[in-house]
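Working through the structure, step by step
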Amino acid sequence: MRFRMRKVTLGNLVLAVVVSLAILSLYSMWSLPPSISNRSKLVARKDFLQKPKKTIKLSPEDQPMGSLLKQLGERDFDYIRKERLYNLRRKCEKAEEAKLIKKEVPAKKLGHIIVNDQYKVLFCYIPKVACTNMKRVFLILTGQMNTTNPLALKSKDVHMSLDKYLTYLDSYSDKEAAEKLRTYKKLIFVREPLERLLSAYRNKFIEKSAYFHKRFGRRIVRKFRDGVNKSQEIQGNDVTFLEFVRYITDENTMENEGFNEHWAHYSALCHPCHVQYDLIGKYESIDEDVNFVLKDLKIDELIKFPKRNATYRRTKTGDQLESFYKTIPKDLLGKLWKIYRSDYNLFDYPYPQFLEKFLAPEDEV
């Protein structure tokens, strides 16, 4: 059994910080996207982003809450996918021109990329971005699950006993990995960064998660809770969101530990400035993006991606953002924003509206 509970090393975090500085220093130089014809030159595999014969237009009542289709109305969703790729690559190219990004990443650092040789597709999983359901899909694609229903695979099994059926890019030589990166379709799914952070906190510290309570909770309480008796027994199962944010923003966390994969930078997990992704899916439009992938791989009749309500019973994290972040002092919000703003910039997430109430953009420095 291959247990893939990872932390991100200091080297990866330094790389993420360097990418962040490069992007921020060049941010004012970026202009509006050019025409679609120009953007197509930057698409690694044009067959993966072919223009659909017709655009499907959904009525407001049919559009999923929070989806890009609802936010942008009838705008061509194929255009949005290409725009995501163009914007990411343009920012990465600017950083590369400034020589602020390493030329290559060895295969051993690509352990978050799942490989499927039959369908010639690579998928970089990011925890708390529909990770479990996407792994369910890739487990079914192995042909060894005796089911085509993703929900028949228990969440715990997906990350533990069934993980051995998945193949990861770090199991190949650098030459083999480079060939797959050149010829296979490459997928990544991202999420509003501070929403993802809150989702990780709720999942690992509010809900029952013995490993995280023991591995992180005890240490967080001992170091960041006022008035704790160092000799008393600490369970680590009652970490507050403020204590968690103090842990994330503490310099020693990054320097001495590195970030766990559940709150690590996207650049440290998936190396978006080194891997030429063919599709950037977003949690906010997960149904549309996943359905596009399933149809492109010609497996949409075989696998039906689970709806969110079929796998989650609690209140959506997106509905809880303000109530949690309002408990965080302004100075810590500023530090938190600095840590994750590279993820916002790389994947074109705007400055969060819920944060504006507590930390205006001009106050973030």
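Look up a bit, the structure's there.
The present account deals with the structure reproduced in this document. Please read all numbers here as calculations on a predicted model, not as lab measurements. (Residues numbered from 1 in each chain as written. Predicted model: local features only at pLDDT ≥ 70, side-chain atom pairs only at ≥ 80, totals over all residues. Heavy atoms only, no water.)

1. Considering the packing of helix H4 (residues 77-97) against helix H13 (residues 286-296)
Quick reminder of the rule: The convention used is that axes are lines fitted to C-alpha atoms, helices contributing only their stretch in contact, and that angles between N-to-C directions extend from 0 to 180 degrees. Think of it this way: any DSSP run of H or I at least four residues long counts as a helix, any run of E at least two long counts as a strand, and we number them from the N terminus. If an angle is under 35 degrees, it is roughly parallel; if it is over 145, roughly antiparallel; if it lies from 65 to 115, roughly perpendicular; otherwise it is oblique. The criterion used for residue contact is that any of the two residues' heavy atoms lie within 4.5 Å. In the scheme used here, Gly and all other residues not listed as nonpolar or charged are polar, with Ala, Val, Leu, Ile, Met, Phe, Trp, Tyr, Cys and Pro taken as nonpolar and Asp, Glu, Lys and Arg as charged.
As a packed pair, H4 and H13 sit with axes 12 Å apart at the nearest point and diverge in direction by 90°. Between H4 and H13, the angle falls in the class roughly perpendicular. Contact residues: Phe 77, Arg 81 and Arg 84 in H4; Glu 288, Asp 289 and Phe 292 in H13. Within the contact of H4 with H13, the residues separate by chemical class into two nonpolar, no polar and four charged.

2. So, the pairing of strand S5 (residues 279-282)
This is how it is decided: Only protein chains enter the area calculation, which uses a 1.4 Å probe; residues under 20% of their type maximum are buried, those over 50% are exposed, and those in between are partly exposed. Note on pairing: DSSP must find at least two bridges between two strands before they are called paired.
Burial of the side chains of S5 extends over both faces: Leu 279 and Gly 281 are buried on one face and Ile 280 and Lys 282 on the other. Sheet topology note: the strand S4 (residues 185-190)/S5 ladder contains four bridges and is parallel. Each residue of the ladder has a partner; that of Leu 187, found in S5, is Leu 279.

3. Side note on the state of the cysteines
Our working rule: The disulfide criterion used throughout: a pair of cysteine sulfur atoms within 2.5 Å.
Under the defined criterion, the tally for this structure stands at two disulfides. Residue Cys 124 pairs covalently with Cys 270 via a disulfide, S to S 1.9 Å. Judged by the torsion about the S-S bond (-90°), the Cys 124/Cys 270 disulfide is left-handed. Here the residue Cys 124 occupies a position in strand S2 (residues 121-124), and Cys 270 occupies one in helix H12 (residues 266-270), the gap between them amounting to 146 residues. For the pair Cys 124 and Cys 270, one class covers both residues: buried. When the cysteines of the chain that form disulfides are numbered from the N-terminus onward, they connect as 1-4, 2-3. Cys 131 forms no disulfide, and the closest cysteine sulfur to it belongs to Cys 124, at a distance of 9.7 Å. Given the relative accessible area of 7%, Cys 131 is considered buried.

4. Focus on the sheet that holds S5
Pairing is mixed across the open sheet formed by five strands, whose spatial order is S3-S1-S2-S4-S5. With one partner strand each, in any of the chains shown, strand S3 (167-168) and S5 form the two edges of the open sheet. Of the strands in this sheet, S4 and S5 touch H13, which is tilted by about 165° from S4.

5. Details of a positive patch on the surface
Rules: Here a patch means residues that are over 30% exposed by relative accessible area and free of salt bridges, tied together within 9 Å if like-charged and within 5 Å if nonpolar (Val, Leu, Ile, Met, Phe, Trp, Tyr). Only the protein chains shown count as cover for residues, and the accessible areas themselves come from Shrake-Rupley with a 1.4 Å probe. Should a side-chain nitrogen of Lys or Arg be within 4 Å of a carboxyl oxygen of Asp or Glu, the pair is scored as a salt bridge. In this tally, Lys and Arg are treated as positive and Asp and Glu as negative; His is ignored, and so are the chain termini. Here the site of a charge means NZ on Lys, CZ on Arg, CG on Asp, or CD on Glu.
A cluster of basic side chains, namely Lys 214, Arg 218, Arg 222 and Lys 230, defines a positive patch on the protein surface. In this structure, Arg 218 sits in helix H9 (residues 210-224).

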